[in-house]
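Here are the chains, one letter per residue:
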Amino acid sequence: DRWMVRLDPMPAAAKGRDLTISASNGPASAIKDIVVGDVWVLTGTTSLSGELVMSRKGKEATPPPAMPLLREFRIKTKARRFRTPRERRMEIGGGKYLSHWRPATFTEPDTDTSVAAYYFASQVQEKNVPIGIITLGAHNPPLTWISYDGVQDAVGFGKERDELNLLYPNTDVCKAAVKSYIETVKQYNRAVVALREAGKEIPLELARQAPAFPEPYYNHYAAETETATHTYNFCISPLTPFAVRGVLWLPGKGNLGKDVSRYAAALKAYASSLPKTYGQDKVPFLFAQPTAELVEGVAMPEIKNAIGVEFSQWPRSLKEIAARLGAAAASGGR
């Protein structure tokens, strides 16, 4: 059975409480130590979740001060590509998708926190208000992070939208493809019948030309992809609907895509899709942007009410950029 409970907005609560879920057809389940606060979503480079505070070497081999009101949610497995949105249990996980909220106490390895999450949170956290960071990284460009509905509204990506809609039977694109496919099959069959009626063998070349229904190229095992919605299907969809304080985008080289001239438009489309994704009127969007000197051909996205921070070299650590974005968020972009 599938069910959902929507809770009314609650005031911030730093003291943990337990949530008990009871059902008439099974035992009760309990989720312990729940706090109420602001939730931010960090997306972009795989380094977001790979660079951890405790694993850093050199000057910061010892951890910075613990942030007991900070909790981070990281997906522990590599994101694979799916044609349709995936679902899983969020707090307690399941099977190979096991993930949970981790406190930033640094008391043991399982309570480690990513560098980006820690230093962003250190700038935006308000007094006695818990802060949750959902950290999701993949190599893929912004168009892959957008929901199906968001892609329908994306300006300048008609080809990608048509390829995506081939997977959905009730779309106009799919219906037109089916109609064209049926006519192609009829023509092929007429050619085969004509040969047989003439007493001729069907040549191997013709047999190999049997029409297949058109589908966009798809590699389920590809480590990187530019196919619309595929990163969303794994990383974002399991965590929605979900109220968030805002979304960050911190790109690596793999997040720009093969054609960097389209990057700004794709990032704008991603930002525009967020309110519908999270079911909110507005979702604040912050992003880090490589300069044109660092990446030839890249343009600064024109995203209304977004906050952008430029960087002139690919960072070895996300600490500085995350802190700058946090400071910009805390000051409202001033």
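Read on for a plain summary of the structure. Worth saying up front: this structure is predicted, and the values here are computed from it rather than measured.

Thresholds applied
- Every chain's residues receive numbers from 1 upward, in the order its sequence appears when written.
- Owing to the predicted nature of the model, reporting of local features is limited to residues with pLDDT of at least 70; listing and counting of side-chain atom pairs is limited to 80 or more, with chain, interface and lining totals taken over all residues.
- Computation of side-chain values: all heavy atoms of the structure, hydrogens and water removed.
- Pairing between two strands is assigned when DSSP locates at least 2 bridges connecting them.
- A helix here means a DSSP run of H or I that spans at least four residues, while a strand means a run of E at least two residues long, and both kinds are numbered starting from the N terminus.
- For helices, the fitted line uses only the C-alpha atoms of the stretch in contact; every axis is such a line through C-alpha atoms, and the angle between N-to-C directions lies from 0 to 180 degrees.
- Here's how the labels work: a residue is buried when its accessible area is under 20% of the maximum for its type, exposed when over 50%, partly exposed in between, all with a 1.4 Å probe on protein chains only.
- Directions are taken from the helix axis to each C-beta atom, and the arc is the one they span.
- In this description, contact between two residues means that some pair of their heavy atoms is separated by no more than 4.5 Å.
- Angle categories are assigned with fixed cut-offs, so that under 35 degrees is roughly parallel, over 145 is roughly antiparallel, 65 to 115 is roughly perpendicular, and the rest are oblique.
- The crossing is said to be left-handed when, going from far helix to near helix, the turn is anticlockwise and less than a right angle, and right-handed when the turn is clockwise.
- Gly is placed with the polar residues, together with every amino acid not listed as nonpolar (Ala, Val, Leu, Ile, Met, Phe, Trp, Tyr, Cys and Pro) or charged (Asp, Glu, Lys and Arg).
- Every definition here rests on a 1 Å grid over the protein atoms only: cavities are sets of points where a 1.4 Å probe fits but cannot get out, pockets are open sets enclosed by protein on both sides within 12 Å along at least five of seven lines, and lining residues have some atom within 4 Å of a point.
- Grid points are joined across faces, edges and corners, and a volume is the space filled by probe spheres set on the points.
- Salt bridges are counted wherever a side-chain nitrogen of Lys or Arg sits within 4 Å of a carboxyl oxygen of Asp or Glu.

1. Structural notes on the sheet that holds strand 3 (residues 38-44)
No. 1: With respect to topology, seven strands assemble into an open sheet ordered 5-4-6-3-7-8-9, the strand pairing being mixed. Edge strands, defined here as strands with exactly one partner in the open sheet, are strand 5 (101-104) and strand 9 (307-311). For this sheet, the mean angle separating the axes of adjacent strands, direction not counted, is 20 degrees.
No. 2: Bridge analysis of strand 8 (residues 285-290) against strand 9 gives five bridges, and the strand direction is parallel.

2. Observations concerning helix 4 (residues 158-165)
No. 1: For helix 4, the full list of buried residues reads Glu160, Arg161, Leu164 and Asn165. One face of helix 4 carries all of its buried residues, which in axial projection span an arc of 130 degrees.
No. 2: At its buried positions, helix 4 is contacted by helix 3 (148-152) and helix 5 (172-197).

3. Considerations on the pairing of strand 2 (residues 26-36)
No. 1: Sheet topology note: the strand 1 (residues 13-23)/strand 2 ladder contains six bridges and is antiparallel. Directly across from alanine 23, in strand 2, lies its bridge partner glycine 26.
No. 2: The hairpin formed by strand 1 and strand 2 contains two residues between the paired strands.

4. Considering the packing of helix 2 (residues 115-124) against helix 9 (residues 319-330)
No. 1: Packing of helix 2 against helix 9 brings their axes to within 7 Å, and their N-to-C directions diverge by 30 degrees. In terms of orientation, helix 2 lies roughly parallel with respect to helix 9. As helix 2 packs across helix 9, the resulting crossing turns out to be right-handed. Residues Val115, Ala116, Tyr119, Phe120, Gln123 and Val124 of helix 2 pack against Lys319, Ala322, Ala323, Leu325, Gly326, Ala327, Ala329 and Ala330 of helix 9.
No. 2: Broken down by class, the residue content of the contact of helix 2 with helix 9 amounts to eleven nonpolar, two polar and one charged.

5. Observations concerning empty space enclosed by the protein
Gaps between atoms show up when a probe of the same size as a water molecule is rolled over them.
No. 1: Counted under the stated rule, the structure contains one cavity of 30 Å³ or more.
No. 2: Its boundaries defined by the atoms lining it, the largest cavity holds a volume of some 40 Å³.
No. 3: Along the walls of the largest cavity sit Val41, Ile134, Leu136, Cys235, Ile236, Leu239, Phe242, Val244 and Tyr278, which together make up its complete lining.
No. 4: Across the lining of the largest cavity, the residue classes break down as nine nonpolar, no polar and no charged.

6. As for the pattern of salt bridges
No. 1: One pass over the full model with this rule turns up seven salt bridges.
No. 2: A salt bridge links aspartate 18 to lysine 32; its shortest N-O distance comes to 3.8 Å. In this pair, aspartate 18 sits in strand 1 while lysine 32 sits in strand 2, placing the two residues 14 residues apart along the sequence. Of the two residues, aspartate 18 and lysine 32, both sit in the exposed class.
No. 3: For the salt bridge of glutamate 183 with arginine 190, the shortest nitrogen-to-oxygen distance reads 3.4 Å.
No. 4: Of the residues examined, glutamate 183 reaches a relative accessible area of 36% and is grouped as partly exposed.

Note that every value here comes from positions in space, so none of it alone points to a role or purpose.
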